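Here is how the chains run, residue by residue.
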Amino acid sequence: MKMIDTREYVSALRELVQAGQEVSMQIAGNSMSPFMIHARDSISFRTPEQPLRRGDMVFYQRRNGQFVMHRIYKARPEGYYIVGDAQTEIEGPIAKEQIFAIVTRVQRKGKWIDSSDFWWKFFAGPWLWVVPIRQPIVRLYGKLKHIHPTS
């Protein structure tokens, strides 16, 4: 088994995207839960072909070199403000040049879905409106899920 540095891997995928390819990768991290789960779900992404808007999931590179995939909270002339689905802290402004891809599909629980899916629309719409009160909602969800586990 060969271990590959995440930055090297995503840098290689970024080059493919910039060459016009659509690529897929398994997600790592918990910032997009509960929509996407670490090491369970995957994303497909490509270069954006139209203007980015609220709710779009984008891949960008922070100034420190870290690659991140989060959702656009709002677009402003100075840049984009972005947040993960599990987060309450909004990051930004992110310059347009830092964004190199838009997520086109998500493999969630083994099934590929796109922006027409109910859960995709929920997290791109109503879930963005509750950013300030997400933490209590997520805590309650965790308690209820623990009380009534699904198989």
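Residues numbered from 1 in each chain as written. Predicted model: local features only at pLDDT ≥ 70, side-chain atom pairs only at ≥ 80, totals over all residues. Heavy atoms only, no water.

Participant: Talk me through the packing of aromatic side chains; I want residue IDs and the actual numbers.
Facilitator: Using the criterion set out here, one finds 12 aromatic pairs in the structure. With 6.4 Å between their ring centres and 20° between their planes, Phe-118 and Phe-122 make a pair best called stacked. Of the two residues, Phe-118 and Phe-122 are both situated in helix α2 (residues 118–124); the distance of four residues between them amounts to about one turn of the helix. The exposure class assigned to Phe-118 is exposed, which follows from its relative accessible area of 54%. (Phe/Tyr/Trp six-rings, centres within 6.5 Å; stacked < 30°, edge-to-face > 60°. Helix = DSSP H or I, 4+ residues; strand = E, 2+ residues; numbered from the N terminus. Buried < 20%, exposed > 50% of the residue type's maximum accessible area, 1.4 Å probe, protein only.)

Participant: Hey, could you go over the environment of Val-103 for me, with residue numbers and the actual values?
Facilitator: Mapped onto the fold, Val-103 is located in strand β7 (residues 99–108). Here Val-103 falls in the buried class, since its relative accessible area comes to 5%. Once residues lying within four places of it in the same chain are set aside, the contact partners of Val-103 are Ile-43, Ser-44, Phe-45, Met-57, Met-69 and Trp-120. (Contact = heavy atoms within 4.5 Å.)

Participant: Outline the side chain of Ser-42, listing residues and values.
Facilitator: Residue position: Ser-42 is located in strand β2 (residues 42–46). With relative accessibility at 12%, the residue Ser-42 sits in the buried group. Sequence-distant contacts of Ser-42, defined by excluding residues within four places in its chain, comprise Met-25, Gln-26, Ile-27, Arg-105, Val-106, Gln-107 and Trp-112.

Participant: Break down helix α1 (residues 6–18) for me, citing the residues and quoting the values.
Facilitator: Under the 1.5 Å per step criterion, the end-to-end length of α1 is 18 Å for 13 residues, consistent within 8% with the ideal 18 Å. Residues of α1 that are buried include every one of Val-10, Leu-13, Arg-14 and Val-17, and no others. Projection of α1 onto a plane perpendicular to its axis shows the buried side chains occupying an angular sector of 105°, all on one side. Exposed and facing more than 90 degrees away from the buried side of α1 are Glu-8 and Glu-15. Buried-residue contacts for α1 involve β1 (23–26), β2, β3 (57–61), β4 (67–76) and β7. At the C-terminal side of α1, Gly-20 shows a positive phi close to 95°. (Expected span 1.5 Å × (residues − 1). Arc of directions from axis to C-beta.)

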